[in-house]
Amino acid sequence: MTPAEAYRWALMCDPVSAFGGIVGFNRAVDRETAMELSKLFLECVIAPSYHPEALEILKTKKNLRLLEQPAGLSSPYALDVRRISGGYLLQDMDRPPVSEFKVVTKRQPTESERATLDFAWRVGKHVKSNAIILARGRQTVGVGAGQMSRIDSLKIASIKMKQAKLDLGESLVLSSDGFFPFRDTVDEAAKIGVTAIVQPGGSMRDNESIQAADEHSIAMVFTGIRHFKH
């Protein structure tokens, strides 16, 4: 997939919220990508490098900040530091994607669902908790972030998905950055057509969520670890 294609796919997920946003790339920005970026008002673009013709196009955009980070966009730091009242919170960086999912339902995820679950779990790392990601194939189709409850994040992600009007013909999967305290998220996910779910597990009511998934023929996997972007 080219950078331009990846950008278009990302933009389709939520073109309204993208206005005035920041776009990051892990590959050089070429002319085609620059042409796509120039169609929308953006605050900032960051990439390892820019082709000369791409720079000429992007430099014509007013108030657009172009940042270059040759080492890529991954963080070189081992620890995450947050300021709190009276001091600092020092914690490990979010772990890399898990190498193996634990299937806890009667139905196993298909091979394509597994690939999408892995993709959605990676995306969820970058979304504010409570985070819910809806994905089809290798495309995010709905994001719910920063809500007081996980069920509210799902409702927002569902609204975003319907507004985007995306249907790639792939199975719809859901990723949650934290465990489900109740089965309601699974029940609501079934209503919008989710066929597979990835979540950390670890709730006192895990069995209720597993039972709900079995009732709806949803495959669900646990990671044993959670994301924590707060």
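Computed from a predicted model, the values in this text were never measured in an experiment.

Using the criterion set out here, one finds 0 disulfides in the structure. This cysteine, Cys13, is not joined by any disulfide, and Cys44 carries the nearest cysteine sulfur, 20 Å off.

Attention now goes to the nonpolar core. In globular proteins that are soluble, nonpolar side chains generally tend to be buried together. The biggest cluster of nonpolar side chains holds 23 residues, and the ones touching the most others in it are Leu134, Leu154, Leu174, Val186, Val194, Ile197 and Met220. Among the secondary structure elements, those contributing two or more residues to this core are β7 (132-136), α5 (150-164), β9 (172-176), α6 (184-191), β10 (194-199), α7 (206-215) and β11 (219-222). At 5 residues, α5 tops the list of elements feeding residues into this core. Every residue in contact with Val194, bar those within four places of it in the chain, is listed here: Leu134, Leu172, Val173, Leu174, Ala189 and Ile218. The next biggest cluster of nonpolar side chains, apart from the first, holds 17 residues, and it includes Val98, Ala131, Val173 and Val221.

It is worth spelling out the sheet that holds strand β1 (residues 21-24) at this point. What the 3 strands build is an open sheet, ordered β1-β2-β3; its pairing is parallel. At either margin of the open sheet sits one strand with a lone partner, and together these are β1 and β3 (65-68). Sheet twist, expressed as the average angle between the axes of neighbouring strands with direction ignored, equals 15 degrees. The pairing of strand β2 (residues 42-47) with β3 spans 4 bridges and is parallel. When the sheet's bridge partners are listed, Ala47 is paired in β3 with Glu68.

Moving on to the sheet that holds β9. If you trace the 6 strands from one edge of the open sheet to the other, you get β6-β11-β10-β9-β7-β8, paired in mixed fashion. Pairing within the sheet leaves two strands with one partner each, and these edge strands are β6 (102-103) and β8 (139-144). The pairing of β7 with β9 spans 5 bridges and is classified as antiparallel. What sits directly across from Ala135, in β9, is Val173.

Looking now at the pattern of salt bridges. Applying the stated criterion across every chain, the model contains 14 salt bridges. The shortest N-O distance in the salt bridge between Glu36 and Arg8 comes to 3.0 Å. Residue Glu36 is found in helix α2 (residues 31-37), and its partner Arg8 is found in helix α1 (residues 3-13); the two are separated by 28 residues along the sequence. With relative accessibility at 16%, the residue Glu36 sits in the buried group. Linking Arg183 and Asp187 is a salt bridge whose minimum nitrogen-to-oxygen distance equals 2.9 Å.

At the junction of Ser129 and Asn130, the peptide bond is cis and its omega measures out at 0 degrees in the coordinates. Within the fold, Asn130 resides in the loop between α4 (111-124) and β7. One non-glycine residue, Asn63, lies in the positive phi region at around 60 degrees. Among the secondary structure elements, Asn63 is positioned in the loop between α3 (52-58) and β3. The phi torsion at Ser217 lies on the positive side, around 60 degrees, for a residue other than glycine. Mapped onto the secondary structure, Ser217 falls in the loop between α7 and β11. Overall, Ser217 belongs to the partly exposed group, its relative accessible area being 48%.

What counts and what doesn't
Residues numbered from 1 in each chain as written. Predicted model: local features only at pLDDT ≥ 70, side-chain atom pairs only at ≥ 80, totals over all residues. Heavy atoms only, no water. Disulfide = S-S within 2.5 Å. Core = buried A, V, L, I, M, F, W, Y, C linked by side-chain atoms within 4.5 Å. Buried < 20%, exposed > 50% of the residue type's maximum accessible area, 1.4 Å probe, protein only. Helix = DSSP H or I, 4+ residues; strand = E, 2+ residues; numbered from the N terminus. Contact = heavy atoms within 4.5 Å. Pairing = 2+ DSSP bridges. Axes fitted to C-alpha atoms, helices over the stretch in contact; angles between N-to-C directions. Salt bridge = Lys/Arg side-chain N within 4 Å of Asp/Glu carboxyl O.

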